[in-house]
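# Structural overview for review
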Amino acid sequence: MTDGSRSGRRGTGWRRLLGLPEHSPEPSDLGADPADDEAECVHICDCAEGPEGRRVVTVRGTLRTVGERTVGGLPALEAELDDGSDSLSIVWMGRRSIAGIQPGRDMIVSGRLVASGGRSVLFNPRYELKPLGTE
């Protein structure tokens, strides 16, 4: 793998388990970095899968809960982000904790929205923690 691309089936077991595509989106597929333009944020209640499938969204909200779980035998850090209009789940696969990810923290996240278990979820999104006191 000298060209940086993924090959074979390594690392796709959890994707299959969650019904996600076998390939990872290219960085250009994910849209702009959330730090680039906060004005592009949408309300969580307005985030829905588009008719063409999973869509990229950028939202700002406050973490209500943060906890560890297991997905397909792998550790995962799960958080609930709420913006006052609705909430969504954020899951970081392969992580038990991330510095700064704690209840009450304000953040901007950007990623591909998927429906999992009847709930909107962002897996491994790009994120920006807002400075404390800006909530």
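For the structure given in this document, a descriptive report is provided here. (Residues numbered from 1 in each chain as written. Predicted model: local features only at pLDDT ≥ 70, side-chain atom pairs only at ≥ 80, totals over all residues. Heavy atoms only, no water.)

Right, let's get into the overall build of the protein. Each helix and strand counted, the protein has 1 helix and 6 strands in total. Sequence-ordered secondary structure for the protein, helices as α and strands as β, is α-β-β-β-β-β-β. Looking at the protein as a whole, 32% of its 135 residues are labelled buried. In the protein, the proportion of contacts linking residues at least 24 apart, taken out of those at least 6 apart, comes to 54%. (Helix = DSSP H or I, 4+ residues; strand = E, 2+ residues; numbered from the N terminus. Buried < 20%, exposed > 50% of the residue type's maximum accessible area, 1.4 Å probe, protein only. Contact = heavy atoms within 4.5 Å.)

The next thing to look at is the packing of aromatic side chains. Applying the stated rule across the entire model yields 1 aromatic pair. Each ring, one from Trp-92 and one from Tyr-127, has its centre 5.6 Å from the other, and the planes form 75°; the classification is edge-to-face. Of this pair, Trp-92 sits in strand β3 (residues 87–93) while Tyr-127 sits in strand β6 (residues 126–129), and the two are 35 residues apart along the sequence. (Phe/Tyr/Trp six-rings, centres within 6.5 Å; stacked < 30°, edge-to-face > 60°.)

Here Gln-102 lies in the loop between β3 and β4 (106–116). Between the C-alpha atom of Gln-102 and that of Gly-67, which follows or precedes it by 35 residues, the distance is 9.0 Å. The residues touching Gln-102, leaving out its near neighbours within four places in the chain, are Leu-63 and Val-66.

Attention shifts here to the pairing of strand β5 (residues 119–123). Relative to β5, β3 is paired through 3 bridges, and the arrangement is parallel. When the sheet's bridge partners are listed, Ser-89 is paired in β5 with Val-121. Bridging between β4 and β5 involves 4 bridges; their strand directions are antiparallel. Bridge pairing links Val-114 to Val-121 in β5. Connecting the antiparallel pair β4 and β5 is a turn made up of 2 residues, with Gly-117 showing a positive phi of about 65°. (Pairing = 2+ DSSP bridges.)

Bringing the environment of Arg-69 into the picture now. With respect to the secondary-structure elements, Arg-69 resides in strand β1 (residues 55–71). Looking at Arg-69, the relative accessible area reads 31%, which means it is partly exposed. The spatial distance from the C-alpha of Arg-69 to the C-alpha of Arg-96 is 8.2 Å, given a sequence separation of 27 residues. Excluding residues that lie within four positions of it along the chain, Arg-69 makes contacts with Leu-74, Pro-75, Ala-76, Glu-78 and Val-91.

One pass over the structure, following the stated rule, counts 0 disulfides. Left unpaired, Cys-41 is separated from the closest cysteine sulfur, that of Cys-47, by 9.6 Å. Here Cys-41 falls in the partly exposed class, since its relative accessible area comes to 21%. In this structure Cys-47 is a free cysteine whose sulfur lies 7.9 Å from that of Cys-45, the closest cysteine sulfur available. Judged by its relative accessible area of 7%, Cys-47 falls in the buried class. (Disulfide = S-S within 2.5 Å.)

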